[in-house]
Amino acid sequence: MKRSLLKQKTVMQIGRDYHCEVLSQPLLADYTSIGIGGKAPFMLLLKEMKSMEGLLNQLAGENLPRRILGRGTKLIVRDEGVKDIVISLSKLPTAPRFSGNRVSVASGYPISRLVREAAAKGLSGIEFAIGIPGSVGGAVRLNASSFGGCMEEVVSEVTLFSPGKGVIKRKKSEIGFAYRSTSLGKDEVILSATITLKPSSSWKIQKEISYLQKLRRERQPIGQKTAGCIFKNPPGISAGHLIDALGLKGLAFGGAVVSKKHGNFIINRHSSTAKEVLALIELIKEKVYKALRVELEEEVIIW
Ligand code: EPU
């Protein structure tokens, strides 16, 4: 049998053994918020968290490289797609488990939904994350921040799968939180997070959430096909502000355009390719460097 056929049978079988939905040749554009990207050979949509460790071990044992896909909201997939198997966490239904001020939540869970559920229980501290379209795992890994709050302030522990070590726990002090990053290894997969909040009145929390939603609607291109902010902010200044000050809003490359609302967003305006978005990113970096001698650094993940 040809190697590719053998591999196909193996992946299908592994998927079934670990109760995943298996997709062959999925178009990754359909799984990213910017709506761009080529295919993967397979996608395994995990349906139960308890299968995760076995699945990761099995793939490693078969020498089948894999990538983890959360909600695909800070991700640009190249037009050629990827050669690795993609494991999607989007079908994991696990509801957050609240206990007192703490909540334990699976990594594929939408962070904004968690904010609303915490509010309903009168738990405050994570309101800043309302409107962040990503998953809890993605938010932890990138130490998502907005409106003065960040994940570092609320995460007390993560459970992760670490190749060679298995399922382990890391306390906040071992996660290496920094601005829009952590020291978690590239191969380590966040399975769940424990978040510690403070009691408050649901009414007060709801008021804050509504206010932050209004700010986001006013300042950011909500509802458009984007990957969120493209660049990290250079120390002490907003990358969006720099891009705006140089008159680069509206700058386009094919179907990709710099948002007129916020300079740090690129919109897939009409059928943009990854090539066009990446070319626009390079163009912005070049112009900002030439004018201001500031090197912008991407925070979006590029596959
Ligand atoms: N500004 C401009 N023009 C622009 C954008 C911003 O002049 O096109 C000015 C604003 O008027 C404001 C300042 O720059 O005075 C800061 O703007 P903003 O409050 O929008 O914050 P930011 O630093 O540009 C960061 C995060 C956002 C987060 C907001 C809200 C980064 C890279 N971005 O943006 O995160 O939502 O703060 O707190 O740190 C994301 O990661 O996807 C994201 C949107």
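Worth saying up front: this structure is predicted, and the values here are computed from it rather than measured. (Residues numbered from 1 in each chain as written. Predicted model: local features only at pLDDT ≥ 70, side-chain atom pairs only at ≥ 80, totals over all residues. Heavy atoms only, no water.)

Q: Is there a simple way to explain the site of the ligand in this structure?
A: Taken together, 22 residues sit near the ligand, with Phe147, Tyr179, Arg180, Cys229 and Asn233 positioned nearest. Residue aspartate 244 places a side-chain N or O atom 2.8 Å away from a nitrogen atom belonging to the ligand. Between lysine 249 and the ligand, the recorded distance is 3.1 Å, taken from a side-chain N or O atom to an oxygen atom. When isolated, the ligand has an accessible area of 820 Å², and the protein chains bury 74% of it. Mapped onto the shell around the ligand, the elements with two or more residues apiece are α5 (202–219) and α6 (239–245). Here the shell around the ligand gets 3 residues from one element, more than from any other, and that element is α6. Each of domain 2 (97–218) and domain 3 (223–302) accounts for three or more of the residues forming the shell around the ligand. (Near = heavy atom within 4 Å. Polar contact = N/O pair within 3.5 Å; in protein donor to acceptor, adjacent residues only side chain to side chain. Areas by Shrake-Rupley, 256 points an atom, 1.4 Å probe, with all protein chains shown as cover. Helix = DSSP H or I, 4+ residues; strand = E, 2+ residues; numbered from the N terminus. Domains from an automatic or database assignment.)

Q: Help me out: how do you make sense of the sheet that holds strand β2 (residues 42–45) in this one?
A: The strands that make up a sheet pair up through hydrogen bonds in the backbone, lying either parallel or antiparallel. Pairing in this open sheet of 4 strands is mixed, and the strands run β1-β2-β5-β3 from one edge to the other. Every other strand in the sheet has two partners, leaving β1 (21–24) and β3 (66–69) as the edge strands with one partner each. Each adjacent strand pair in this sheet contributes to an overall mean axis angle of 25 degrees, direction not counted. As judged from the 3 bridges shared by β2 and strand β5 (residues 85–88), these two strands associate in the parallel manner. Bridging across to β5, leucine 45 finds its partner in serine 88. Along the sheet face, helix α2 (residues 52–61) touches β2, β3 and β5 and points at about 175 degrees away from the line of β5. (Pairing = 2+ DSSP bridges. Axes fitted to C-alpha atoms, helices over the stretch in contact; angles between N-to-C directions. Contact = heavy atoms within 4.5 Å.)

Q: How should the pattern of salt bridges be read in this particular structure?
A: For side chains bearing opposite charge, pairing can occur when the charged atoms are close. In the structure shown here, the tally under the stated rule is 12 salt bridges. A salt bridge links lysine 214 to glutamate 218; the shortest N-O distance between them is 3.1 Å. On the criterion of helical spacing, the pair formed by lysine 214 and glutamate 218 is a turn pair, its members being 4 residues apart in helix α5. Classification of glutamate 218 as partly exposed rests on a relative accessible area of 45%. One salt bridge connects glutamate 282 with lysine 285, and the closest N-O pair in it is separated by 4.0 Å. A residue pair is termed a helical-turn pair when its members lie 3 or 4 positions apart in one helix, as glutamate 282 and lysine 285 do in helix α7 (residues 274–292) at 3 residues. Judged by relative accessible area, which is 42%, glutamate 282 ranks as partly exposed. It is possible to trace a salt-bridge network through shared partners that takes in Lys74, Arg180 and Glu299. (Salt bridge = Lys/Arg side-chain N within 4 Å of Asp/Glu carboxyl O. Buried < 20%, exposed > 50% of the residue type's maximum accessible area, 1.4 Å probe, protein only.)

Q: Sorry, what's going on with the sheet that holds strand β16 (residues 256–258) here?
A: In spatial order, the strands read β15-β16-β17; together these 3 strands make up an open sheet with antiparallel pairing. Looking at the sheet topology across the chains shown, the edges are occupied by β15 (252–253) and β17 (266–268). With 2 bridges joining them, β15 and β16 adopt antiparallel strand pairing. Following the sheet pairing, alanine 252 is matched in β16 by valine 257.

Q: Looking at this structure, how should I read the packing of helix α3 (residues 111–120) against α5?
A: Axes are the key here: two packed helices are described by the angle between their axes and the distance separating the axes. Contact pair α3 / α5: the axes reach a minimum separation of 8 Å and the direction vectors enclose 150 degrees. In terms of orientation, α3 lies roughly antiparallel with respect to α5. Of α5, the residues touching α3 (which contributes Val115, Ala119 and Ala120) are Ser202, Ile205, Gln206 and Ile209. In terms of residue class, the contact of α3 with α5 is built from 5 nonpolar, 2 polar and no charged. (Parallel < 35°, antiparallel > 145°, perpendicular 65-115°, else oblique. Nonpolar A, V, L, I, M, F, W, Y, C, P; charged D, E, K, R; others polar.)

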